[in-house]
Structures are given as C-alpha cells and as structure tokens.
Amino acid sequence: MDSGLGLVGYADALHTLRPDLRLVLSLDPVNMPYGPRSPDEVRRLILASALATLPYEPDAVVVACNTASVHGLEALRAELEPDIPVIGTVPAIRPAAATGGPVAVWATAATTSSDYLRGLVDAFAADIETHPIAALGLAEAIESGDSAAVDECIAYAVSRTPTGVRALVLGCTHYGLVADRIVAALGGDVTVFDSPLAVARQTLRRIGLAPDATAAQGGVEAVLLSGQVGGAPDSWRHYPAGARLLATSASAYTLRHEHDAS
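From a predicted model like this one, the values you see are computed outputs, not experimental measurements.

### With respect to the nonpolar core
Link 1 in the chain: Of all hydrophobic cores here, the largest spans 47 residues; its most connected members are Leu 25, Trp 106, Leu 138, Ile 142, Tyr 175 and Trp 236.
Link 2 in the chain: Element by element, the count of residues in this core is highest for helix α1 (residues 7–17), at seven residues.
Link 3 in the chain: Within the second largest apolar cluster, 15 residues are counted, among which are Met 1, Val 61, Ala 68 and Ile 84.

### As for the sheet that holds strand β8 (residues 219–225)
The strands making up a sheet are joined through hydrogen bonds of the backbone, oriented either antiparallel or parallel.
Link 1 in the chain: Strand order in this open sheet of three strands is β1-β8-β9, and the pairing throughout is mixed. Because the sheet does not close on itself, it has two edges, and the strands there are β1 (22–27) and β9 (228–230). Direction aside, neighbouring strands of the sheet carry axes that sit 35 degrees apart on average.
Link 2 in the chain: Here β1 runs beside β8; their pairing, made up of six bridges, is parallel. Bridging from a neighbouring strand, Leu 25 pairs with Val 223 of β8.
Link 3 in the chain: Docked against the sheet, α1 engages β1 and β8, running at close to 175 degrees with respect to β1.

### Focus: the confidence of the model for the protein
Link 1 in the chain: Confidence along the protein averages 90 in pLDDT terms, with 95% of residues attaining 70 or more.
Link 2 in the chain: The least confident element of the protein is helix α12 (residues 249–261), whose mean pLDDT is 48; the most confident is strand β2 (residues 61–62), at 97.
Link 3 in the chain: Contacts from residues 251–259, a stretch scored under 50 in pLDDT, to residues over four places away or in other chains number 20 contacts.

Rules used throughout
Residues numbered from 1 in each chain as written. Predicted model: local features only at pLDDT ≥ 70, side-chain atom pairs only at ≥ 80, totals over all residues. Heavy atoms only, no water. Core = buried A, V, L, I, M, F, W, Y, C linked by side-chain atoms within 4.5 Å. Buried < 20%, exposed > 50% of the residue type's maximum accessible area, 1.4 Å probe, protein only. Helix = DSSP H or I, 4+ residues; strand = E, 2+ residues; numbered from the N terminus. Pairing = 2+ DSSP bridges. Axes fitted to C-alpha atoms, helices over the stretch in contact; angles between N-to-C directions. Contact = heavy atoms within 4.5 Å. pLDDT = per-residue confidence, 0-100.

Take a look at the structure:
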C-alpha cells in the first residue's frame, strides 16, 4: 500500500525474491500525497486502503510509504494483527551510518523536518555527520512520469547536498524508481541505501516463506485505486520495476475476475 507509485519498487522486490506471489496493490490517487496531511488523516486513509484489500484474503500487508508507516502502523496492527502481519517501511539510516558518513537523507519536506527522522538519526547515526535534504517536488514528478521534471527536482536536491557525502538514504519510497538517475547526478563515490529488499525479506519471514527466485510466476492480482478496483497507472511504464509489474498483470486480472465470479 502507498498513496501512489512508491509501492512499485516494493512489489517488484517481493517478486524478485518470490516470483510466485500474487499481489494486491492498493493506491490512493484521490488523496495522494500523504506528506502534507495530518497524522489523523493519514491513519484514516491508510486504514481504509488496508481494509479494501481484505476481500482478497491477504497473508500480509506491506505499507510501502514512510509517512503512512510513521502515522498508521500502530492503528493498522491494532486492526489486523495477529491474523494479518503488517510490515512497515523505515529509511535505511542504520546501514548508511555504518559507512562512517557523511550521510545525506533525501526525503519529502514533511519527513526531513519530522521528529520521526530526527529520532532515527539520534538512534542510529548520532555520531555521524548527517544532512536531511528536502527533495522538493521529486515524488510528484516521479508520480507523473514527467522525465524533465524528475531531472529538475534531482538537480535541485543535488544542489542542496554537501560535497563529500559518501552515503545517500532514500527517505521516500518513490525515489528508488529513479535511483540510477540520482546516482548519475550526484557523481563521485556515493552509495545509495534504499529499503525494498529489506522490507521484502521481512515480509517473507513474517509469512513463513523462504526466498526462491526460481518459483513459478505469480502476478498482480488486483490494483485498487482509493478502494475501487481499477487499472495500473500508465506512468508505471516509465520505470523498469513498473514495467515488470505490468507484464505480470494480464494473468492476474484473470484471477481477479474468477475470484469475483466465485
């Protein structure tokens, strides 16, 4: 679940580890982005997105959104666990700090100024030079699939990033979709830290599955748009992870229709 495209990289990571998984992708285009919304609003919206998936009997719910993880995990777990494990997303501050720094954290304006991010830095990088950078407009540009706007937003964030940074944490789930462009724009020897594979591994552990890249192909069983069954946004095609998910969708929609008929 995410308000938008941020879930794509996480769904793709799950399929990388277990291609046989059948995925339900719950987006909220009516209410995205979540960043400017109040904590109470985010809790309400992410709970609604989760409840919309229940007819598909999910084995786990993955919250592929930092804002929703900050404000909504407690409410989701109270509602769904222990029957359905809920896995959240945390920016990869800890492994980035292990490089010795300096570390930059690119995130939305709301996240960079949040007590949540300050708490992570204090907990895992207190002795490391760390620079929160508001990558203004980048998530929205990625969502729209506007390549020129993406490059402009990356260039702005690069201009705000101090020279000498050795590690970059992607603090918004959208950003991983353009990680290669971010690395190219930063130049130098910068290691990017993102969370999709770590979250995918944790998800498999919670549902008792081992990674198996040779498993038979599953697919995207359904796409929910603000709680209603819909189609995958065409902007997914602009990103390799999105294109891979779209390639698995046809057989999955057949499964959905069979599910609805039954």
